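Letter by letter, the chains look like this.
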Amino acid sequence: MGYFPLFPWLGFMILGSAVGSWRWQENRIRLFNQPKIVWGSLLLLVIGALVWHQYPGPLYTRCDYSELFYPPMLGYMATAMGLIFSLFCLVDWKPELAIYKPLQVFGESALFMYITHSFIIKFGLSPWVGLQPFSTYFFVYLGFATCLLGTGYALKAIKPYLKKAPMPVRFIFGA
């Protein structure tokens, strides 16, 4: 199971944490709803995608998994930041969209979802589902995501009962 190089991603993580914290400070809730930020985010996304397309990096394959994001190339980093900032713009522009509710369920238990999906892929799907055409992959993925979403809603229902659980349990389940 996986390799995760900490240091190439540590700066990216700190940037995300800083922007997220800065965004939620008072008087900045609608920060990403300003035209300059919207256009800058979209420009970063487009330029990043063009650079990433032109210079994709070595594209390693390890254990039959393609490494699209490792090593972290400048084009990928710019594309990812442009996408995240563009999504912030969308959320600040239309904060009431119903599509956010299921996404919120995934985010409320992100560590649990990460561990669970990795475990299911490694021990549940990989041994049974080999290389497939895109249409098959899409439906398997759709079913997989639906099961994880159902798990997230079930976890949301039991979280109030986890308030007195040991700290590692609360940490993993996001309680």
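Please refer to the structure higher up on the page.
Residues numbered from 1 in each chain as written. Predicted model: local features only at pLDDT ≥ 70, side-chain atom pairs only at ≥ 80, totals over all residues. Heavy atoms only, no water.

Q: Could you give an account of the packing of aromatic side chains, with specific residues and numbers?
A: Considering all chains together, one arrives at nine aromatic pairs under this definition. Aromatic side chains F134 and F138 sit 6.2 Å apart centroid to centroid with 35° between the ring planes, which places their arrangement in the tilted category. Here F134 pairs with F138, and both are found in helix α6 (residues 134-158), just four residues apart, close to one helical turn. By relative accessible area, which is 62% here, F134 ends up exposed. (Phe/Tyr/Trp six-rings, centres within 6.5 Å; stacked < 30°, edge-to-face > 60°. Helix = DSSP H or I, 4+ residues; strand = E, 2+ residues; numbered from the N terminus. Buried < 20%, exposed > 50% of the residue type's maximum accessible area, 1.4 Å probe, protein only.)

Q: Lay out a nonpolar patch on the surface with the relevant residues and their values.
A: A grouping of L83, I84, L87, L90, W93, L97, I99 and L103 is seen on the molecular surface, where their side chains present a nonpolar patch of about 740 Å² in accessible area. For the nonpolar patch, the element with the most residues is helix α3 (residues 74-93), which contributes five residues. Inspection of the secondary structure puts L90 in helix α3. Look at L90 and you get partly exposed, because its relative accessible area is 33%. (Patch = residues over 30% accessible without salt bridge, like charges linked within 9 Å, V, L, I, M, F, W, Y side chains within 5 Å. Areas by Shrake-Rupley, 256 points an atom, 1.4 Å probe, with all protein chains shown as cover. Salt bridge = Lys/Arg side-chain N within 4 Å of Asp/Glu carboxyl O.)

Q: So what about the environment of W52? Which residues, and what values?
A: The topology assignment puts W52 in helix α2 (residues 35-54). A residue is classified by how much of its surface remains accessible, and W52, at 23% relative accessible area, is partly exposed. Along the backbone, W52 and T79 are 27 residues apart, and their C-alpha atoms lie at a distance of 7.6 Å. Contacts of W52, omitting those with residues within four sequence positions, involve L68, F69, G75, Y76 and T79. (Contact = heavy atoms within 4.5 Å.)

Q: Mind laying out the layout of surface pockets, listing which residues take part and the relevant values?
A: In this model, the second largest pocket occupies a volume close to 620 Å³. Tallying contributions element by element places α3 first for the lining of the second largest pocket, with five residues. Of the residues in the lining of the second largest pocket, the class split is 11 nonpolar, one polar and five charged. (1 Å grid on protein atoms, 1.4 Å probe; cavity = no way out; pocket = protein on both sides within 12 Å on 5 of 7 lines; lining within 4 Å. Points joined across faces, edges and corners; volume = space filled by probe spheres on them. Nonpolar A, V, L, I, M, F, W, Y, C, P; charged D, E, K, R; others polar.)

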